[in-house]
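# Structural characterization, general
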Amino acid sequence: MSIRRKLWSRTECGKAVYKYTITNESGASVVLSSIGAGIVAVNVPDRNGKLADVVLGYGKAESYFADGPCAGKCPGRFANRIAKGKFTLDGVEYSLPINNGPNHLHGGPEGCQNKVWESRKHKGGVEFMYFFEDGEMGYPGNVKVIARYEWSDNNELRLTFTARADKKTVVNFTNHAYFNLDGGGSVLRHTLKLNATEYLPTDSTLIPTGVPEVVAGTPMDFRKEKTLGRDIRKDFPALKYGKGYDACWCIDNYMPGQIQEAAELHSKKSGRVLKVYTTQPGVQVYTGNWIEGCPAGKRGRIYHDYCAVALECQHFPDSPNHPDFPSTVLKPGKVYKEAIIFAFGIK
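Now for a description of the structure that goes with this document. Fair warning: this is a prediction, and the values are worked out from it, not measured in the lab.

### Some points on the sheet that holds strand β2 (residues 16-23)
In spatial order, the strands read β1-β2-β3-β4-β5; together these five strands make up an open sheet with antiparallel pairing. Of all strands in the sheet, those bounded by a partner on one side alone are β1 (2-10) and β5 (51-53). Looking at each pair of strands side by side, their axes are set apart by 15 degrees on average, direction ignored. As defined by bridge partners, β1 adjoins β2 across eight bridges and the pair is classed as antiparallel.

### Section: the packing of aromatic side chains
A complete count under the given rule lists 20 aromatic pairs for this structure. For the ring pair Y20 and F128, a centre distance of 5.8 Å and an interplane angle of 90 degrees mean the geometry is edge-to-face. With Y20 in strand β2 and F128 in strand β11 (residues 125-132), this residue pair connects regions lying 108 residues apart in the sequence. A relative accessible area of 0% means that Y20 is categorised as buried. Judged by relative accessible area, F128 falls into the buried class, the value being 1%. Here Y130 and F132 contribute two aromatic rings whose centre-to-centre distance is 4.8 Å and whose plane-to-plane angle is 80 degrees, an arrangement assigned as edge-to-face. No difference in accessibility class separates Y130 from F132, as the two residues are buried. Three or more aromatic residues joined by ring pairs form one cluster here, namely W117, Y130, F132, F161, F173 and Y336. The side chain of K243 reaches across the aromatic face of W290, ending 4.0 Å from its centre.

### A look at the pairing of strand β12 (residues 143-151)
Inspection of the sheet shows β11 paired to β12 by seven bridges, in the antiparallel sense. Residue F132 lies in a different strand from β12, and its bridge partner there is V143. The sheet contact formed by β12 and strand β13 (residues 156-165) spans nine bridges and is antiparallel. Note that in β13 the partner of W151 across the bridge is L157.

### Details of the layout of surface pockets
Of the volumes computed, that of the largest pocket is approximately 630 Å³. Elements that contribute at least two residues to the lining of the largest pocket include exactly α1 (237-242) and β23 (282-286). For the lining of the largest pocket, the residue count by class is 12 nonpolar, 14 polar and four charged. Its volume calculated, the second largest pocket comes out at about 290 Å³. Lining of the second largest pocket is provided by 16 residues; of these, H315, S327, V329, Y336 and E338 occupy positions nearest its centre. For the lining of the second largest pocket, the elements supplying multiple residues, two or more each, are β25 (329-330) and β26 (336-346). The leading source of residues in the lining of the second largest pocket is β26, at three residues. Tallied by class, residues from the lining of the second largest pocket come to eight nonpolar, four polar and four charged.

### What to know about unusual backbone geometry
The omega torsion of the bond from G76 to R77 falls at 25 degrees, within 30 degrees of zero and hence cis. Among the structural elements, R77 can be located in the loop between β5 and β6 (81-82). The phi torsion at N155 lies on the positive side, around 65 degrees, for a residue other than glycine. For N155, the location among the structural elements is in the loop between β12 and β13. The buried category is assigned to N155, whose relative accessible area is 10%.

### Comments concerning the side chain of D252
On the secondary structure map, D252 appears in the loop between β20 (246-250) and β21 (260-266). Of the polar contacts made by the side chain of D252, one reaches the backbone nitrogen of T197; its length is 3.0 Å. Beyond its immediate stretch of four places on either side in the chain, D252 contacts N195, A196, T197 and Q260.

### Considering the nonpolar core
Of all hydrophobic cores here, the largest spans 67 residues; its most connected members are W249 and L311. When sequence neighbours within four positions are dropped, the list of residues in contact with L311 reads N175, A177, L192, A263, L265, L274, V276, V283, Q284, V285 and F342. By size, the runner-up hydrophobic cluster in this structure holds 20 residues, among which are W8, V31, A61 and Y178.

### Considering the state of the cysteines
The term disulfide refers to a covalent linkage connecting the sulfur atoms of a pair of cysteines. Per the counting criterion, the structure on display carries zero disulfides. Cysteine C248 remains unbridged, with the sulfur of C250 as its closest cysteine sulfur at 6.1 Å. Relative accessible area serves as the criterion here: at 2%, C248 is assigned to the buried category. Left without a disulfide partner, C307 is nearest to the cysteine sulfur of C294, which lies 6.9 Å away.

### So, the environment of A263
Mapped onto the elements, A263 comes out in strand β21. Exposure remark for A263: the relative accessible area of 1% places this residue in the buried category. Remark: the alpha-carbon pair of A263 and N195, spanning 68 residues in sequence, is separated by 6.2 Å. Apart from residues lying up to four places away in sequence, A263 is in contact with L192, K193, L194, L274, K275, V276 and L311.

Basis of the calculations
Residues numbered from 1 in each chain as written. Predicted model: local features only at pLDDT ≥ 70, side-chain atom pairs only at ≥ 80, totals over all residues. Heavy atoms only, no water. Pairing = 2+ DSSP bridges. Helix = DSSP H or I, 4+ residues; strand = E, 2+ residues; numbered from the N terminus. Axes fitted to C-alpha atoms, helices over the stretch in contact; angles between N-to-C directions. Phe/Tyr/Trp six-rings, centres within 6.5 Å; stacked < 30°, edge-to-face > 60°. Buried < 20%, exposed > 50% of the residue type's maximum accessible area, 1.4 Å probe, protein only. Lys NZ or Arg CZ within 6 Å of the ring centre and 35° of its normal. 1 Å grid on protein atoms, 1.4 Å probe; cavity = no way out; pocket = protein on both sides within 12 Å on 5 of 7 lines; lining within 4 Å. Points joined across faces, edges and corners; volume = space filled by probe spheres on them. Nonpolar A, V, L, I, M, F, W, Y, C, P; charged D, E, K, R; others polar. Polar contact = N/O pair within 3.5 Å; in protein donor to acceptor, adjacent residues only side chain to side chain. Contact = heavy atoms within 4.5 Å. Core = buried A, V, L, I, M, F, W, Y, C linked by side-chain atoms within 4.5 Å. Disulfide = S-S within 2.5 Å.

None of the figures reported here should be taken as evidence of function without further support.
Below, the structure is given as structure tokens:
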């Protein structure tokens, strides 16, 4: 296993942006960036052993700042949406910036996905660290978060988040990588299977109503693998609201701290398969419904809607306003720790 660090760019204020390439014994590699602790590239073999990059990303470092798709980055301090940008903790109401219709999304316009994290090679992996100040984007408490990536000889990318706070607050971290297992083209012929018998219905602004519903008999049923495009045009509220899939599924048999399979993505064309495991209770599936018009990709590629799919393992959207959801509260003296594994193979 080799880890190579390279200066990629500098911000306007002169802060260094680094790119890390981890290559395993077979030559498969992962490229990471200190902008948003992001995944820039994943180069893995198809059924014929040919390597291709299966992650959406940009050609220039600057394009990763404030991009609409949040490509490959770790948003926060609270991933996904918070209704009307408000939540109450211990009787105190907190107001957050509105940046997605009437709601707060991914920690706000200056969330950590748009920041340069501190970074280092450490004990066979790469670690990124960001420090949220008390009051940053309206949230209470100073929070230190570390995102650690490890790449195995079996083509498994493990991402572990740890965080500590000095004041009671809310946190929700994920990675927002977009996958296309063919390395290009539409993702709608990929098949997806989810370990979920329920999903979270939402209002038209994609805020959960609060009561999970069974997927059986609906276009949201991925208990058996089916193509992403099979039902995506159906007349169904969740699909109309998001112009495609953009919803959170409740992972079956969730237990805090226990890692289990969340999703399996497969391309019959390339033979590549991606299995996603996590300790988190939900997986937000987003079929890239609004990618058109994003910055130019690697080697000048122009991306279009539905060219990749994000599988975002996380706690449920708007959790601070739903006491019945698994808690996203982080207390002083406690450690937030969650994991996501992206396991690539051939099928």
